[in-house]
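One-letter residues, chain by chain:
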Amino acid sequence: MERDLRNALRNTVTRCRTLLESSVAEVLEGTFAIYPDGTSAERSSLTHLAEADHVLRDELLAQLQHIQATMLGGGVPGKGAVEQLVREVAFTHLNRLCAFKMLEVRKHMREAVGRGLQSTGFKFYLAGHDDDEKLWSGGQQELAYRNYLLWLSTTLSNEVGPLFSPEDPANRLFPAHATLMAVLDELNAPALAEAWTEDETIGWVYQYFTPKELRDKARKESAAPRNSYELAFRNQFYTPRYVVEFLVDNTLGRTWHEMRRGDTVLKERCDYLVYQPNEVFLSDDAATTFRDIRPGILSAMRGDFSALPEDATWPEMQALALAIDGYDLAPRLGLGECGDFANAKGEAFARTGKWDGSSIELWICLFFEQRCFRHFGEDPALGKDDAIPRLYQSLRAALQGPAPESGSEAVCVAPRRKKDPRDFRILDPACGSGHFLLYAFDVMAAIYEEAWGDPESPASEATGNALQSDYPDLPLLRAAVPELILQHNVRGIDIDLRSTQIAALALWLRAQRAFQDLGIQQGERPELPRPCIVVAEPMPGERELLKDFLRELAEPRLHDLITSVWEQMRLASEAGSLLRIDQHINEALEEARHQAFIPQKPLKLTLFEPGVPAHQKSLEFTVGKDEHEFWAGAQQRLLAALEEYARRASNGQSYVRRVFAENARQGFDFVELSLERFDVVLMNPPFGSPSTPSRPYIEQTYPRTKNDVYAAFVERGLEWLRPRGTLGAITSRTGFFLTTFRKWREQVLLANARPIVVADLGQGVLDTAMVETAAYVVEKTR
């Protein structure tokens, strides 16, 4: 987005925020008698309110109570809870109006806000809704239009999620109609016309909603963020598109590049993908052909030559020889036909006893000799020939020796098994408005199509079938890809509910654009799953409601586990992704098994009667079978119980119960996501000090990286990776040279991962952030 357009959008968002927050606060106080300090008038004194308005007021009071309960310390709702409610409601209304504007401009729905009360979509709505048409005819146009906007939100809630939730307090606290029209005038200004076609617009709205002046004021008042809200807005810095592409290309793109052994369209489509023309893709398939292959040989077949044994056996030498495909590699490196090259080099080697060439050329000769003996010769261990042992020893010396200064040596790439795209998992643990996930969506779409055309593409763990089996023709796959990416691939976490609203909306809009690009009309598009964007939410703070939940839970063995998780989750909104709730659950489950004397596996015992031969009379039974089966599925049982409670809680019970159920669901969504493991972790994490409430936890839990929260995020990201998963991050560059980060470098980063690519970017990258940055990718090694 051009700077002039960004500036126009910044000014518009600032004015809209002022309008909406002022109006929402006025309605809260003037209509519902809920005051800025958190106090409220007695219900009996509010004779001007109809019964329906009293219900709305009770629900707003319940929401304030709930906000206060989730704050550390709890207590009676006060100024902080009211300010948070006003801020969140204003932001939700602005986001919804911006979303409607983007949807109508992109032709995903009829005009809804472009001309206010005269919008085409509103007129169609009135034609199909008699009650609101009567309101319009009776002079209550403002109320009819409000009902229309709420109806639009409800229709989008199933697919988009949090931004349009029917339980959101924004549905109960509407700004004055004059304010609404003033905001629409701002959004419909000609200067912003181009903004509504840009995918990144909604992300800029998120960043600009919190003005720079507020960040400066917070930093002046406190060196460390005083709460998660301050931590979030102090670190709202837009990640430039080129940085996003650089990190996604060299994590997700690089992973796919290696799975395809360099034969991929991503080499042309991913502008920042780093690869070298002389890459040699190794294979460890031969390890299954030969027996008794030692770890040093296996490691060498996977790119680590440090432990190649001097006394390799004949099967081990054969296995190493077959780690490359010389028939394919020789012509690709410009060496000609494999046999001709190997024969010529081999004759010179045999004649002089010296090798003249690169280690990869030597490896090609070893490969060809193995093929020759496989088809024509005998085992050289019998003494008939020593070519392969001599080639092996020379290759071992070359691979373990210093790299040539010329840089002409080929680059060995460890083998990476292909996988079905549906089995890729990508996480941004500080997702903000979802920039990394949006571009990952684009790359995944290309991966799906390339995998579909690959006859060697393996079956998915999710379905048991390859893509072509589930989608017999390419147009069918293309129509399914948006749903598949949202359902299987992209995941996000943030401590800020506002950012999760934005990220989910942005991904949904990206999916709709994919349908539009394919020419799939609105009525023909499949219903999309909600994007898996999770707010790090404490389990609801009201202890009485937790007790109700436990009373209704049929399985008492889960009570202690749920209570333990609930207590640990109190810090979720402050520590966010740094909360190691997955480790806590595993430790709690292990403790529960231990207290119940449950073995890791059921134990089969046989009892014999004294004096009776064993074959005549004995009793066999299994110890701990039922208990073992129960605890093996305890996580799933816990989540299923919560789902059932949420379903019943939202069916006609009180608003506060529905809020409890919704937030409990969000809390357990965070738990469930924390238990997953990922192929790719991408992040632009917060930097500097942690929030004051989370500091004791982070100092205790991350002793090696507690000096800066970004270092702790990198440590946590590595924990989330599967073996050989990749992490891409843009952070302060200080970690690479300051002595205070030595433990992070040596004990976290290099002890668990290897660098793939590093870009030292310097200052001026993250908008107004005064920080020198580096963007880097590492691969998990253990």
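Everything discussed here concerns the structure shown above.
The following refers to the structure shown. (Residues numbered from 1 in each chain as written. Predicted model: local features only at pLDDT ≥ 70, side-chain atom pairs only at ≥ 80, totals over all residues. Heavy atoms only, no water.)

1. Structural notes on the nonpolar core
In this structure, Leu94, Tyr145, Leu149 and Leu252 are the most contacted members of the largest nonpolar core, which totals 111 residues. The contacts of tyrosine 145, once residues within four sequence positions are left out, are Ala112, Val113, Gly116, Leu117, Phe122, Leu180, Met181 and Leu184. Leu550, Leu579, Val709 and Val714 belong to the second largest nonpolar core, which has 56 residues in total. (Core = buried A, V, L, I, M, F, W, Y, C linked by side-chain atoms within 4.5 Å. Buried < 20%, exposed > 50% of the residue type's maximum accessible area, 1.4 Å probe, protein only. Contact = heavy atoms within 4.5 Å.)

2. Remarks on the side chain of serine 457
Mapping serine 457 onto the fold places it in the loop between helix H19 (435–452) and helix H20 (467–470). Judged by its relative accessible area of 12%, serine 457 falls in the buried class. Discounting chain neighbours no more than four positions away, the residues touching serine 457 are Ala451 and Ala466. (Helix = DSSP H or I, 4+ residues; strand = E, 2+ residues; numbered from the N terminus.)

3. Considerations on unusual backbone geometry
Look at lysine 107: it is not a glycine, yet its phi comes out positive at around 65°. Here the phi dihedral of arginine 261 falls at roughly 55°; this positive angle occurs in a residue that is not glycine. Within the secondary structure, arginine 261 is located in the loop between helix H11 (241–259) and helix H12 (266–269). Overall, the relative accessible area of 41% leaves arginine 261 in the partly exposed class.

4. Some details on the pairing of strand E9 (residues 721–732)
Across the twelve residues that make up E9, a large majority, ten, are buried. In terms of strand pairing, strand E8 (residues 678–683) meets E9 through five bridges, oriented parallel. Along E9, the bridge assignment pairs valine 681 with leucine 727. Both E9 and strand E11 (residues 773–780) contribute to a ladder of seven bridges, which runs antiparallel. Bridging across to E11, serine 732 finds its partner in threonine 773. (Pairing = 2+ DSSP bridges.)

5. Overview of the packing of aromatic side chains
Enumeration according to the criterion identifies 21 aromatic pairs in this entry. Where tyrosine 145 meets tyrosine 148, the ring centres are 6.0 Å apart and the plane angle is 40°; that geometry is what we call tilted. Pair noted here: tyrosine 145 and tyrosine 148 are both in helix H6 (residues 141–160), with a separation of three residues, about one helical turn. Residues tyrosine 145 and tyrosine 148 agree in their burial class; the two are buried. Residues phenylalanine 741 and tryptophan 744 carry aromatic rings whose centres are separated by 6.3 Å and whose planes lie at 80° to one another, so their mutual orientation is edge-to-face. The exposure class assigned to tryptophan 744 is buried, which follows from its relative accessible area of 0%. Through pairs of rings, three or more aromatic residues link up here, namely Phe122, Tyr125, Trp136, Tyr145, Tyr148 and Trp151. Cation over ring: arginine 498 sits above phenylalanine 91, and NZ or CZ is 5.0 Å from the ring centre. (Phe/Tyr/Trp six-rings, centres within 6.5 Å; stacked < 30°, edge-to-face > 60°. Lys NZ or Arg CZ within 6 Å of the ring centre and 35° of its normal.)

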